[in-house]
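# Reading the structure
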Amino acid sequence: MKLTIQKENSVTEIITDGNKSILKLLQENHIYIDAPCNANGKCGKCKVQVNGQVTPITAEEQKLLSLQEQMNDIRLACLTKPIGDCSITILNQQNYTVQESGMKSDFVISPRAKDSTKAAIGLAVDIGTTTVACYFYDLNSGKRLDTVSGLNEQRSFGADVISRINSCIEKDDGKQLLKQTIVKQLNNAIDSFCSKKSYSYHDIMDITIAGNTVMLHLLTGYDASGIAVAPFTPTSLFGFDLNAKEIGITTNDTAKVFLTDCVSGYVGGDITVGVLSAKVHEEKENCIYIDIGTNGEMAIGNQNGFICCATAAGPAFEGATIQCGVGGITGAISKVTIKNNDIKIETIGNQPAIGICGSGLVDTIACLLKLGVIDETGRIDEDEIPTSLLYRYREEDEPVFVLDIDNNIYLTQKDIREVQLAKAAICAGIQTLIHAKGLTEQDIHKVILAGGFGSYIDKKSACEIGLLPPSLLDKITTVVMLPVWVLLKFC
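Residues numbered from 1 in each chain as written. Predicted model: local features only at pLDDT ≥ 70, side-chain atom pairs only at ≥ 80, totals over all residues. Heavy atoms only, no water.

### Side note on the overall build of the protein chain
Here is the rule: Helix and strand definitions here come from DSSP, where helices need a minimum of 4 consecutive H or I residues and strands a minimum of 2 consecutive E residues; each element is numbered from the N-terminal end. Taken over C-alpha atoms, the radius of gyration is set against a globule rule of 2.2 Å times the number of residues to the power 0.38. Burial here depends on accessible area, computed with a 1.4 Å probe over protein chains only, as a share of the maximum for the residue type. Under 20% is buried, over 50% is exposed, and the range in between is partly exposed. Each accessible area is a Shrake-Rupley result for a 1.4 Å probe, and residues are judged covered by the shown protein chains and nothing else.
In terms of helices and strands, the protein chain carries 12 helices and 22 strands. Taken over C-alpha atoms, the radius of gyration comes to 23 Å for the protein chain, in line with the 23 Å a tight globule of 491 residues would show. Judged by the C-alpha coordinates and their principal axes, the protein chain covers about 65 × 65 × 45 Å. When each of the 491 residues of the protein chain is scored for burial, the buried share is 57%. For the protein chain, the accessible area works out to roughly 20,200 Å², and carbon and sulfur atoms hold 47% of it.

Structure representation (structure tokens):
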């Protein structure tokens with residue numbers, strides 16, 4: 001039987017025997033779909049529109065799909081198998097935005113591939129659990145030529161690192177599939193750059209890749225299973241070169257890939273390079289560097305050294321465990337403010353709302369606290385909601401507060417609890433580091449936020465909900481373009 005897949009402007013045909021779910025078939029053929037729960041039928045994100053013969057809808061799907069969606073033949077790819085010829089359309093797959101503003105550093109240009117007589121392109125890559133950003137540089141001048149970014153397509157194997165490690169363990173071809181997925185994404189980024197800028201992949205002379213420890217294991221095909229269980233031992237902490245061809249990245253035959261040094265199983269090379277890029281290692285006063293993401297990695301210190309930790313913040317800020325949550329894509333509610341005692345929303349690209357991303361989530365909860373919609377415990381109490389806002393409240397299986405009535409984008413009581421867990425993990429990590437260093441909040445000179453989510457959040461909203469200590473509000477700044485420091489200064 002044949003499965004025809006329509007995504008954007010492309011059509012792919014796959015032959016199947018009916019024993020594999022649509023999600024599994026998409027994964028095997030490196031066709032991206034958002035599946036943050038790793039095929040456990042819990043998140044309801046892997047939506048496809050089906051036309052043809054497939055297995056009957058399950059009770060789990062009925063709970064996660066609206067009646068309108070079911071009537072429009074929307075199904076969950078992880079719980080649906082083709083049983084005859086059919087076609088599917090992948091829904092809500094849009095471009096992810098990556099922060100490109102914020103604090104930047106000046107670099108000394110001394111790359112090992114420098115040759116002013118030839119084209120020499122350097123590629124700095126930040127492989128995040130949620131996003132991948134590729135920065136292309138002229139190694140002779142140090143000028144940034146282009147940026148290619150998007151969601152990490154390994155997300156179709158789960159939103160967090162443990163889900164992806166489990167995919168490697170549970171599936172015979174899991175480790176290979178995850179490696180092939182990220183390598184293909186990097187090669188596509190190179191193809192995109194070359195086609196836009198009239199370069200050849202032969203001009204790619206040097207690459208630096210930063211990422212958390214698990215992401216670097218999945219890129220290289222190293223066994224990451226030891227990171228998932230105590231004592232959380234990685235196969236490698238990297239800090240060395242590999243030939244680009246050995247990994248599978250399409251470049252000049254002589255190009256090398258420097259994989260940035262990691263600290264431990266859960267404190268990766270993105271943190272070490274971030275600290276260097278932000279020049280925190282040159283500071284005389286104590287600073288905190290935080291990558292607010294699924295792993296919540298952070299470091300505290302100055303020119304005399306650092307203490308690091310990682311917290312299991314989970315993927316709530318990336319929208320994975322939020323009912324109407326999405327990544328930072330066009331149409332995502334990214335900012336929420338109060339106007340005339342009501343809420344006002346802004347979306348990425350000023351398009352109709354399709355969901356709410358992390359920055360909008362933090363803003364929303366901060367606003368609802370101010371308006372009295374939720375109390376200090378995070379509880380939505382109908383009896384306490386101002387009368388003027390009751391039109392946004394409804395009771396379903398749980399209390400719901402509607403942000404966009406026209407597009408039915410809302411926040412549930414469970415969503416708020418998910419955010420509370422995530423923000424508590426980040427805040428606990430900060431307090432633990434401060435305590436371990438023998439300091440107080442007053443001793444902190446600067447707080448630097450990094451990561452796709454950390455770079456976008458409103459720092460005032462973050463302090464108001466307890467994600468960050470309120471006493472540090474005026475000391476918070478952001479940083480971007482982390483791997484570039486290593487690419488241009490040391491390669």
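### Considering a negative patch on the surface
To keep things clear, this is the line we draw: What makes a patch is a set of residues exposed beyond 30% relative accessible area and free of salt bridges, joined within 9 Å when like-charged and within 5 Å when nonpolar (Val, Leu, Ile, Met, Phe, Trp, Tyr). Salt-bridge detection follows one rule: a side-chain nitrogen of Lys or Arg within 4 Å of a carboxyl oxygen of Asp or Glu. The convention is simple: Lys and Arg are positive, Asp and Glu are negative, and His and the chain ends are not counted. The atoms used to mark charge sites are NZ of Lys, CZ of Arg, CG of Asp and CD of Glu.
A surface patch of negative charge is lined by Glu-382, Asp-383, Glu-384, Glu-395 and Asp-397. Topologically, Glu-384 is positioned in the loop between α9 (358–371) and β18 (393–395).

### So, the pairing of strand β15 (residues 332–339)
Put simply, the test is: Any two strands are treated as partners once DSSP identifies two or more bridges connecting them.
Where β15 meets strand β17 (residues 355–356), 2 bridges bridge the pair, whose relative direction is parallel. Along β17, the bridge assignment pairs Ala-332 with Gly-355. Summarising the sheet, β15 and strand β16 (residues 342–347) pair through 6 bridges and their orientation is antiparallel. Paired with Thr-337 across the two strands is Lys-344, which belongs to β16.

### Here we look at the environment of Ile-83
Put simply, the test is: Two residues qualify as a contact provided that any one of their heavy atoms is within 4.5 Å of a heavy atom in the partner residue.
Structurally, Ile-83 can be placed in strand β5 (residues 82–90). Take Ile-83: its relative accessible area is 45%, and that puts it in the partly exposed class. Each C-alpha atom, one on Ile-83 and one on Lys-2, is 9.4 Å from the other, the two residues being 81 residues apart in sequence. Excluding anything up to four places from it in sequence, Ile-83 contacts Met-1, Gln-53, Val-54 and Thr-55.

### Here's the deal with the nonpolar core
Here is the rule we go by: As used here, the term nonpolar core means buried Ala, Val, Leu, Ile, Met, Phe, Trp, Tyr and Cys residues forming a set that is joined through side-chain atoms within 4.5 Å.
Grouped together as the largest cluster of nonpolar side chains are 56 residues, with contacts concentrated most on Ile-290, Ile-292, Leu-467 and Leu-468. Ranked by size, the runner-up nonpolar core spans 41 residues in total, among them Cys-168, Val-214, Ala-244 and Cys-262.

### Some remarks on the pattern of salt bridges
Under the definition given, this model contains 16 salt bridges. Close ionic contact of Arg-394 with Glu-396 constitutes a salt bridge, the shortest N to O distance being 2.5 Å. Through salt bridges that share partners, Lys-20, Lys-24, Glu-28 and Asp-173 make up one connected network.

### Remarks on unusual backbone geometry
Cis peptide bonds are those with omega within 30 degrees of zero, and the linkage from Ala-230 to Pro-231 qualifies with 5°. Tracing the chain through its elements places Pro-231 in the loop between α6 (213–220) and β10 (240–243). Residues other than glycine seldom take positive phi values, yet Asp-73 does so here, at roughly 65°. With relative accessibility at 43%, the residue Asp-73 sits in the partly exposed group. In the Ramachandran plot, Asn-340 falls in the positive-phi region, its phi being about 55° despite a non-glycine side chain. Mapped onto the elements, Asn-340 comes out in the loop between β15 and β16.

### Here we look at the packing of helix α5 (residues 174–197) against α6
The test is simple: To obtain an axis, a line is fitted to C-alpha atoms, over the contacting stretch when the element is a helix, and the angle between two such axes runs from 0 to 180 degrees between their N-to-C directions. Just so you know how the angles are binned, under 35 degrees is roughly parallel, over 145 roughly antiparallel, 65 to 115 roughly perpendicular, and the rest oblique. The classification used treats Ala, Val, Leu, Ile, Met, Phe, Trp, Tyr, Cys and Pro as nonpolar, Asp, Glu, Lys and Arg as charged, and all other residues, Gly among them, as polar.
Running from amino to carboxyl end, α5 crosses α6 at an angle of 90°, the nearest separation of the two axes being 7 Å. The angle between α5 and α6 places the two elements in the roughly perpendicular class. Here α5 contributes Leu-178, Lys-179, Ile-182, Val-183 and Leu-186 to the contact with α6, which in turn contributes Leu-218, Leu-219 and Thr-220. In terms of residue class, the contact of α5 with α6 is made up of 6 nonpolar, 1 polar and 1 charged.

### Things to note about the packing of helix α4 (residues 161–170) against α5
Each pair of packed helices can be described by the angle between their axes along with the distance between the axes. Relative to each other, α4 and α5 sit at 130°, their axes nearing to 6 Å. Overall, the two elements α4 and α5 adopt an arrangement that is oblique. Contact residues: Arg-164, Ser-167 and Cys-168 in α4; Gly-174, Lys-175 and Leu-178 in α5.

Function-wise, these values are silent; they only describe arrangement.
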